Amino acid sequence: MDFNMKKLASDAGVFFSRAVQFTEEKLGQAEKTELDAHFENLLAKADCTKNWTEKILHQTEVLLQPNPSVRVEEFLYEKLDRKVPSRVTNGELLAQYMVEAANDFGPGTPYGKTLFKVGETQKRLGGAERDFMHSASINFLNPLRNFLEGDWRTITKERRILENRRLDLDACKARLKKAKAAEAKASAVPDFQETRPRNYILSASASAAEHELRVAQTEFDRQAELTRLLLEGISSTHVNHLRCLHEFVEAQATYYAQGYQYMLDLQKQLGRFPGTFVGNAESTSPPPATTSPTTVSATIPVVPTVGRAPNPATAVEGALNLSDVKPPASGTRKARVLYDYEAADSSELALLADEMITVYSLPGMDPDWLIGERGNQKGKVPVTYLELLS
């Protein structure tokens with residue numbers, strides 16, 4: 001190998017000079033060139049951006065892929081520039097198990113039929129999760145990684161060069177200071193025994209130190225300006241990350257909206273399976289009375305199971321002879337049924353989703369219930385299952 005010994009010696013000298021300057025600064029034996037307040041603020045902002053970007057990136061990766069082993073495997077594939085193998089999501093794997101179980105139990109049985117329906121929904125949820133992970137990775141994670149692996153590495157490199165330039169500048173200042181002090185001392189007491197006066201030699205040394213200082217100052221100023229421009233670009237990075245954050249929120253909102261719609265459809269389908277939960281002896285209360293029809297799209301309604309024990313709170317009203325109940329002269333309203341409802345006893349009226357009925361209230365009735373009429377049929381109906389139209 002061809003070594004340039006002169007360059008190696010020069011580099012070794014520069015490294016030694018920087019090490020001495022750095023050590024003396026730490027020991028408080030040498031002065032240090034301080035950067036201006038604006039530059040220090042830019043450095044603090046850059047460090048803050050880097051630290052929080054790393055934390056947000058890591059936690060987002062955990063959110064999208066909770067399994068640490070899978071994350072490590074995907075990281076290795078990415079570093080080796082190989083395609084990450086396609087994996088089924090947890091929802092898709094659950095869907096596969098449910099469909100296989102439904103086939104074994106018999107797709108015509110209530111349990112098998114329900115397993116099949118739930119499995120189909122889980123598969124759709126798994127597909128929506130896959131789309132969300134893909135969108136979040138491209139629109140949010142990749143820009144954060146690009147900043148850390150691209151812009152931040154460039155900033156770190158230039159900051160390191162700037163620190164070396166500062167050490168060189170301060171070392172030149174120290175040498176010039178020593179040369180000036182030696183020159184002043186020699187001028188006061190000249191040595192006549194030398195061939196040339198000592199002050200002449202020291203003056204030449206001081207001149208050389210001044211030249212080195214001017215060169216070091218120029219290089220330091222040039223590097224400081226370059227580093228400053230890179231640090232000021234952090235503001236543009238924030239703008240870019242803000243846009244990516246909006247796209248991440250949009251993707252997450254779409255994912256949750258799809259999941260809500262899929263589960264709402266599944267609830268309606270399960271409500272149409274007669275006798276699916278007949279064996280359930282536990283009492284299930286109706287949806288909260290505070291749920292307003294106008295906010296149905298914003299909240300997930302709780303569709304109760306078909307088999308339900310009578311509500312003790314309405315036992316007194318159940319004792320009414322509904323055949324003798326007459327609708328009031330005014331106060332009747334039309335209502336659209338939101339969900340299927342199976343009557344718990346003869347005092348209640350069974351409902352089918354999307355049908356239209358007439359409802360009204362009687363004095364002393366529980367406010368969570370109304371009297372519903374459909375043709376010649378009449379009975380109590382829960383308010384939370386209705387959308388009052390007029």
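Residues numbered from 1 in each chain as written. Predicted model: local features only at pLDDT ≥ 70, side-chain atom pairs only at ≥ 80, totals over all residues. Heavy atoms only, no water.

Asker: Could you give an account of the overall build of the protein chain, with specific residues and numbers?
Answerer: Within the protein chain one finds 8 helices and 5 strands. Starting at the N terminus and walking to the C terminus, you meet the elements of the protein chain as α-α-α-α-α-α-α-α-β-β-β-β-β. Residue burial in the protein chain is summarised as follows: out of 390 residues, 32% are buried. The long-range fraction of contacts in the protein chain, counting pairs at least 24 apart against all pairs at least 6 apart in sequence, stands at 71%. Looking at the protein chain as shown, the accessible area adds up to about 24400 Å², and 57% of this sits on carbon and sulfur atoms. (Helix = DSSP H or I, 4+ residues; strand = E, 2+ residues; numbered from the N terminus. Buried < 20%, exposed > 50% of the residue type's maximum accessible area, 1.4 Å probe, protein only. Contact = heavy atoms within 4.5 Å. Areas by Shrake-Rupley, 256 points an atom, 1.4 Å probe, with all protein chains shown as cover.)

Asker: Account for the nonpolar core, naming residues and giving values.
Answerer: Within soluble globular proteins, side chains that are nonpolar tend to cluster in buried spots. Counting residues in each nonpolar core, the largest one holds 33 residues, and the members touching the most others are Phe 132, Phe 140 and Leu 231. Looking at this core, the elements that each hand over two or more residues are α2 (37-64), α5 (110-188), α6 (198-232) and α7 (234-271). A total of 15 residues in this core trace back to one element, the largest contributor, which is α5. Excluding residues within four positions of it along the chain, Phe 132 makes contact with Leu 64, Phe 248, Ala 251, Gln 252 and Tyr 255. Val 337, Leu 362, Val 381 and Leu 386 belong to the second-largest nonpolar core, a separate cluster that totals 18 residues. (Core = buried A, V, L, I, M, F, W, Y, C linked by side-chain atoms within 4.5 Å.)

Asker: Give a description of unusual backbone geometry that names residues and reports values.
Answerer: A positive phi angle, near 75°, is found at Asp 354, a position not held by glycine. One can find Asp 354 in the loop between β1 (333-337) and β2 (356-360). Classification of Asp 354 as partly exposed rests on a relative accessible area of 48%.

Asker: So, a nonpolar patch on the surface: which residues are in play, and what are the values?
Answerer: Taken together, the side chains of Val 72, Leu 76 and Leu 80 define a hydrophobic patch exposed on the protein surface, amounting to about 300 Å² of accessible area. Relative to the helices and strands, Leu 76 resides in helix α3 (residues 68-79). Take Leu 76: its relative accessible area is 46%, and that puts it in the partly exposed class. (Patch = residues over 30% accessible without salt bridge, like charges linked within 9 Å, V, L, I, M, F, W, Y side chains within 5 Å. Salt bridge = Lys/Arg side-chain N within 4 Å of Asp/Glu carboxyl O.)

Asker: Any details on the packing of aromatic side chains? Residues and values, ideally.
Answerer: Under the definition given, this model contains 8 aromatic pairs. Ring geometry for Phe 132 and Phe 248: centres 6.0 Å apart, planes at 40°, overall tilted. Taken together, the positions of Phe 132 in helix α5 and Phe 248 in helix α7 put the pair 116 residues apart, joining distant regions of the chain. Plain terms: the ring middles of Phe 140 and Phe 248 are 4.8 Å apart, the flat faces sit at 25° to each other, and that makes the pair stacked. A residue pair is termed long-range when its members are at least 10 positions apart, and Phe 140 in helix α5 and Phe 248 in helix α7 qualify at 108 residues. Accessibility assignment for this pair places Phe 140 and Phe 248 in one class, buried. A network of ring pairs unites the aromatic residues Phe 132, Phe 140, Phe 248, Tyr 255 and Tyr 256 as a single cluster. Here Lys 380 stacks its cationic end above the ring of Trp 369, 5.8 Å away from the centre of that ring. (Phe/Tyr/Trp six-rings, centres within 6.5 Å; stacked < 30°, edge-to-face > 60°. Lys NZ or Arg CZ within 6 Å of the ring centre and 35° of its normal.)

Asker: Describe the sheet that holds β2, listing the residues and the values that go with them.
Answerer: As summarised here, the arrangement of the 5 strands in space is β4-β3-β2-β1-β5, forming an open sheet in which the pairing is antiparallel. In this open sheet, the two edge strands, each paired with only one partner strand, are β4 (377-382) and β5 (386-388). Mean inter-strand twist for the sheet, computed between neighbouring axes without regard to direction, equals 40°. Sheet topology places strand β3 (residues 369-374) next to β4; 6 bridges connect them, and they run antiparallel. Of the residues in β4, the one forming a bridge with Trp 369 is Pro 382. (Pairing = 2+ DSSP bridges. Axes fitted to C-alpha atoms, helices over the stretch in contact; angles between N-to-C directions.)

Asker: Give a detailed account of the environment of Glu 100, specifying residues and quantitative values.
Answerer: On the secondary structure map, Glu 100 appears in helix α4 (residues 90-105). The sequence separation of Glu 100 and Leu 115 amounts to 15 residues, and the corresponding C-alpha distance is 9.1 Å.

Asker: Go over α2 with me, naming the residues and quoting the values.
Answerer: Here α2 is 28 residues long and its end C-alpha atoms lie 40 Å apart, about the 40 Å a rise of 1.5 Å per residue gives. Put simply, Asp 36 is the residue that caps the front of α2, since its side-chain oxygen is 3.1 Å from the backbone nitrogen of His 38. (Expected span 1.5 Å × (residues − 1). Polar contact = N/O pair within 3.5 Å; in protein donor to acceptor, adjacent residues only side chain to side chain.)

Asker: A description of the pairing of β3 should follow, citing residues and the corresponding values.
Answerer: Along a regular strand, successive side chains alternate from one face of the sheet to the other. Burial analysis of β3 places 5 of its 6 residues in the buried class, which makes it a mostly covered element. Of the pairings in the sheet, the one linking β2 to β3 comprises 3 bridges and is antiparallel in character. What sits directly across from Thr 358, in β3, is Glu 373.

Asker: Tell me about the pattern of salt bridges, residues and numbers included.
Answerer: Counted according to the given criterion, the structure contains 16 salt bridges. Across the salt bridge formed by Asp 168 and Arg 18, the nearest N and O atoms sit 2.8 Å from each other. Of the two residues, Asp 168 is situated in helix α5 and Arg 18 in helix α1 (residues 5-26); the sequence distance between them amounts to 150 residues. For the pair Asp 168 and Arg 18, one class covers both residues: buried. Here Arg 228 makes a salt bridge to Glu 225, at a shortest N to O gap of 3.9 Å. You can see Arg 228 and its partner Glu 225 sitting in helix α6, 3 residues apart, about one turn around the helix. Three or more residues are tied together by salt bridges with common partners; here these are Asp 36, Glu 225 and Arg 228.

Asker: Kindly report on the environment of Arg 228, identifying the contributing residues and their values.
Answerer: Separated by 186 residues in sequence, Arg 228 and Leu 42 place their C-alpha atoms 7.7 Å apart. Residue contacts for Arg 228: discarding those within four places in its chain leaves Asp 36, His 38, Phe 39 and Leu 42.

Asker: Any details on α4? Residues and values, ideally.
Answerer: Between its first and last C-alpha atoms α4 spans 22 Å; for 16 residues at 1.5 Å apiece the expected length is 22 Å, and the two agree. Listed as buried for α4 are Gly 91, Glu 92, Ala 95, Met 98 and Ala 102. Taken around the axis of α4, the buried residues stretch over an arc of 120°, which confines them to a single face. Exposed positions of α4 whose direction lies more than 90 degrees from the buried face are Asn 90 and Asp 104. Once α4 ends, the next one or two residues include Gly 106, with phi positive near 110°. (Arc of directions from axis to C-beta.)

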